[in-house]
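Fold and contact review
Residue strings, one per chain:
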Protein chains: 4
Amino acid sequence: MLTIANRQLNSRLLTGTGKFSSASLMQSALSASGSELVTLALKRLDLGQRQDEILPPLQTLGVHLLPNTSGARTAEEAIFAAHLSRQALDTHWLKLEIHPDQRYLLPDAVETLKAAEVLVREGFVVLPYCGADPVLCQRLQEVGCAAVMPLGAPIGSNRGLLSRDFLRIIVEQARVPVIVDAGIGAPSQAAEAMEMGVDGVLVNTAIAVAGDPVAMAGAFKLAVQAGRRAFEAGLPATSSRALPSSPLTGFLEGI
Amino acid sequence: MLTIANRQLNSRLLTGTGKFSSASLMQSALSASGSELVTLALKRLDLGQRQDEILPPLQTLGVHLLPNTSGARTAEEAIFAAHLSRQALDTHWLKLEIHPDQRYLLPDAVETLKAAEVLVREGFVVLPYCGADPVLCQRLQEVGCAAVMPLGAPIGSNRGLLSRDFLRIIVEQARVPVIVDAGIGAPSQAAEAMEMGVDGVLVNTAIAVAGDPVAMAGAFKLAVQAGRRAFEAGLPATSSRALPSSPLTGFLEGI
Amino acid sequence: MLTIANRQLNSRLLTGTGKFSSASLMQSALSASGSELVTLALKRLDLGQRQDEILPPLQTLGVHLLPNTSGARTAEEAIFAAHLSRQALDTHWLKLEIHPDQRYLLPDAVETLKAAEVLVREGFVVLPYCGADPVLCQRLQEVGCAAVMPLGAPIGSNRGLLSRDFLRIIVEQARVPVIVDAGIGAPSQAAEAMEMGVDGVLVNTAIAVAGDPVAMAGAFKLAVQAGRRAFEAGLPATSSRALPSSPLTGFLEGI
Amino acid sequence: MLTIANRQLNSRLLTGTGKFSSASLMQSALSASGSELVTLALKRLDLGQRQDEILPPLQTLGVHLLPNTSGARTAEEAIFAAHLSRQALDTHWLKLEIHPDQRYLLPDAVETLKAAEVLVREGFVVLPYCGADPVLCQRLQEVGCAAVMPLGAPIGSNRGLLSRDFLRIIVEQARVPVIVDAGIGAPSQAAEAMEMGVDGVLVNTAIAVAGDPVAMAGAFKLAVQAGRRAFEAGLPATSSRALPSSPLTGFLEGI
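Because the structure is a prediction, the values reported are computed rather than measured.

1. A look at the pattern of salt bridges
- Per the counting criterion, the structure on display carries 40 salt bridges over all chains.
- Among the ionic pairs, Lys95 of chain A bridges to Asp181 of chain A, the shortest N-O distance being 3.2 Å. Separated by 86 residues along the polypeptide, Lys95 of chain A in strand β6 (residues 93–96) and Asp181 of chain A in the loop between β9 (179–180) and α7 (187–195) bring together distant segments of the chain. For the pair shown, Lys95 of chain A and Asp181 of chain A are each scored as buried.
- In this structure, Glu192 of chain B and Arg164 of chain B form a salt bridge, with 2.7 Å as the shortest nitrogen-oxygen distance. Within this pair, whereas Glu192 of chain B is found in helix α7 (residues 187–195), its partner Arg164 of chain B is found in helix α6 (residues 164–173), the two being separated by 28 residues in sequence.
- Because the salt bridges share partners, they merge into one network encompassing Asp108, Glu111 and Lys114 of chain A together with Arg139 of chain C.

2. A closer look at the pairing of strand β5 (residues 64–68) of chain D
Residue and element names in this part refer to chain D.
- Along β5, 4 of the 5 residues are buried, which leaves the element largely enclosed by surrounding structure.
- Here strand β4 (residues 37–41) pairs with β5 via 5 bridges, running parallel. Within β5, the residue paired with Ala41 across the bridge is Asn68.

3. Quick notes on the environment of Thr17 of chain A
Residues and elements named next belong to chain A.
- Structurally, the position occupied by Thr17 is in the loop between β3 (13–16) and α1 (23–33).
- For Thr17, a relative accessible area of 4% puts it in the buried group.
- The spatial distance from the C-alpha of Thr17 to the C-alpha of Ile54 is 7.7 Å, given a sequence separation of 37 residues.

4. A look at the UniProt feature "active site" (unreviewed entry) in chain A
- This chain's UniProt record puts "active site" (unreviewed entry) on Lys95 of chain A.
- Excluding its chain neighbours within four sequence positions, the residues that come into contact with Lys95 of chain A are Thr39, Leu66, Pro67, Asn68, Thr69, Leu127, Met149, Asp181 and Leu202 of chain A.

5. So, the relation of the copies chain B and chain D
- Once chain B is rotated about the relating axis by 180° and shifted along it by 0.0 Å, it coincides with chain D to within an RMSD of 0.0 Å. In the structure described here, the two chain copies are related by an operation that fits a two-fold rotation axis. For chain B, the minimum C-alpha distance to the rotation axis belongs to Val110 of chain B and amounts to 2.8 Å.

6. Details of the packing of helix α1 (residues 23–33) of chain D against helix α9 (residues 213–233) of chain D
All names here are of chain D.
- Contact geometry of α1 with α9 gives a least axis separation of 7 Å together with a crossing angle of 20°. Relative to α9, α1 is oriented roughly parallel. Regarding α1 and α9, the two cross each other, and that crossing is right-handed. Residues Leu25, Ser28, Ala29, Ala32 and Ser33 of α1 form the contact with α9, whose own contacting residues are Pro213, Val214, Ala217, Gly218 and Lys221.
- Per-class residue counts for the contact of α1 with α9 are 6 nonpolar, 3 polar and 1 charged.

7. Considering the interface of chain B and chain D
- Each partner contributes residues to the interface: chain B has 27 residues there, and chain D has 27 residues.
- Between chain B and chain D, the buried area comes to about 2100 Å², and carbon and sulfur atoms account for 62% of it.
- Area buried by chain B at its contact with chain D is led by Val110, Val135 and Phe166 of chain B, which between them contribute 25% of it.
- The interface formed by chain B and chain D holds 8 salt bridges in total.
- With a closest N to O distance of 2.9 Å, Arg139 of chain D and Asp108 of chain B form a salt bridge.
- Counting across the chain B and chain D interface gives 12 residue pairs in polar contact (both at pLDDT 80 or more).
- Every element with two or more residues in the side of chain B that touches chain D is listed here: α4 (109–121), α5 (134–142) and α6 of chain B.

Criteria and thresholds
Residues numbered from 1 in each chain as written. Chains lettered and ligands numbered in written order. Predicted model: local features only at pLDDT ≥ 70, side-chain atom pairs only at ≥ 80, totals over all residues. Heavy atoms only, no water. Salt bridge = Lys/Arg side-chain N within 4 Å of Asp/Glu carboxyl O. Helix = DSSP H or I, 4+ residues; strand = E, 2+ residues; numbered from the N terminus. Buried < 20%, exposed > 50% of the residue type's maximum accessible area, 1.4 Å probe, protein only. Pairing = 2+ DSSP bridges. UniProt positions renumbered as here; feature names shortened; annotations may be inferred. Contact = heavy atoms within 4.5 Å. Least-squares fit on C-alpha atoms with pLDDT ≥ 70 in both. Axes fitted to C-alpha atoms, helices over the stretch in contact; angles between N-to-C directions. Parallel < 35°, antiparallel > 145°, perpendicular 65-115°, else oblique. Left-handed = near helix turned anticlockwise from the far one by under 90°. Nonpolar A, V, L, I, M, F, W, Y, C, P; charged D, E, K, R; others polar. Buried area = accessible area lost by both parts, 1.4 Å probe. Polar contact = N/O pair within 3.5 Å; in protein donor to acceptor, adjacent residues only side chain to side chain.

Below is the structure:
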């Protein structure tokens, strides 16, 4: 059971709504994922219009919404977006994203901390997307963020846990949940993150652009469960030499 | 469905009987793994004695046996062991292992090919443990092996797919099933192998020496399913830059 | 030729004074390294005392000094240390280090940017040690830092370029010199950094604690030259298949 | 000093003659590399013709020739090629290459061992190209090969030491020189191999197809020297935590 800000979640797999080829495919994939917390960009919502395609499927699924501030380049823009989203979606949960660079979408540490501080004071439940920076994660935690969301690799790159050595330090030091937020491109990578002891992973692109998004969502669901179970079961140590699993002597004695 | 030599298996996770702290723990773990094909060393069997501890649990589980020639250092020794095991266990299935080196237990390519040729002619269903050597795998296939079992890393090292780049070539070229046989130390690594398109994995040490072997066996079961499903669903390509999963413009226009 | 703040350096290998077993060994090793810019902690200097052991060898070598603020946990402490060092060493060059965490010595992005801004205004030539965070490097550059010094791995860990994927982005975007500052534990790693196009590397621990620090310093000197030359010569692309360097047909035609 | 079959070589960098855009460029690059042992395919020689372009530059350089059997698919073909090359080039040194697969050019373990045994008996100095297979390397050594030449990655792929974990075992066990033969695509990779304790590396493609082959040859020369020197100087251990190179207390006491 994953608990963020007193909300209990059965699934440690968070998902998103981007890049699906249709709203119905999105609905089927999110359903297969078992995800209970789904992020969406404000822009995805056609506020106040009937044609909106994203929100009804999410409401049908009964998932919790985690609006994000994707597109914000400064703390000021992110705070503005947060206010809009709270009003539009009637939730004070927020995935805080600030990325001035449009090529790699990497987060801005300084602006993110600044915005987090303001938004926590205003009563938001803030989950900040950030670099795999252990010191920054400490500071985000200190200003009251409900979780930290360090990246594995650039958003949408599907390159996995490029930052694994730094994620390990974050996990070791964190007192709030750690959710790996970007770069996970295959179920094995999600499992690896869970085996390291992170509390959850957010996967969007790798599901949405898979050949079969519904099957891939199911694969991620299993992989996250596998990784968590392995973490709890206690992974064995690695060895630089071989250790026989079968005995090496005996039957040949009779030769 | 994995088919080896006309035998159909629902589970793509092969397991072994080594290193468990008790026979009952072994039974529970193998049951949780869902494995239908289990390797065991001849030495594990106390041939002709009632006190034998390994065989009854396997018979209870109803799994297929895959006796191995662990401990053999030459083709001759392996062939001798094969004959013994066929007699003792009433199966002509055989995991062929020849490793003259006792420190790293790495297989001997030349002796393995030589023994495989003989044993196939004698009617054995031969699954050879071998290095991740694409040319050797071709030759083992050509002499009639029912599958090839290249290693990921030294036996019992839990170091994962150190040979991944060569495994990829083996998968690309093989016309018999490819089972990754040694080195897999975590469910994420099993999932990664399956995502690459291997047909199955054999895991023993990582389950047997886990803190909780039964839970770990379950984790591997899920991970193998996840990896296979992801392979079939079509994994997305990786990218060296970021690709936004959320749109990057729009909501800020009103500022 | 590496140019930082109008100072031209023939050597792209920066070094440090920590961890050597004696001052004379330090002098020999730094001499063998060919380094022209050497960092030292304020504490290493026994200010105002004749017995000081570190400074005279450096003066003998004729290297430029790059005092650092190692030990500072906040911007305020770093600024205080900077003032002390300017007074003591008569240089306005500064390696800015702020690391509140004593276990991993990872830098604090927010405090580092804050201190950099103040110190640049005060006329310091600021080279900040920072995480491999492309957005932060942009901001440090914007406030006037003379170079950026992202880490490869935690200080003294000798683990190499764990952050290589992010270093690549920093190199692509930077308009000031990029010096990889921590974690480089072997000449091959220094060469790899240079091949990626970084402008220099700083190596201290790997030289100081080597079996033979003087020989190791010479090895790093060669490796940095090799990596730079390879970068300039244009490295070939990698291929997922083989490309023969020898022709594959011909001589056998006569068989 | 590298000694193979009683021949002493000052350079641990072996090179080849393939893929250069002209014979004069080849000559300049090989000269810059400092290499004293150069491999060439039989086909490169226009036997008995005056127009031959490859041999005169090599004779001018005064390097030792190491003819190879590239293109051979079986032991029989390789032995035939060996006889031809001995006659044509007046040397009994031989780089034995047998690769039935034309896509990845990976060596055939069984045929290579078979040919090596014959050729050693016939008085050749045999240096076999082989997979990074520690058991095979033992056997090649036992039949009298003068060195072993395991691959890092497929020929011409420039992908580096994909086989590094197995190369380490080979180095640990070998009593003849170990030369990494294929896949090295950058000076840093050559340095890494040397740091692991291999006795030499063979580089051809990465030099020949570089933007500036002469400069790249010089870069490899330096990198091989750097890696060897670091191996001899004793590389420091790695650490999972940070170890300060500068002291962390002291100057702040006065605050």
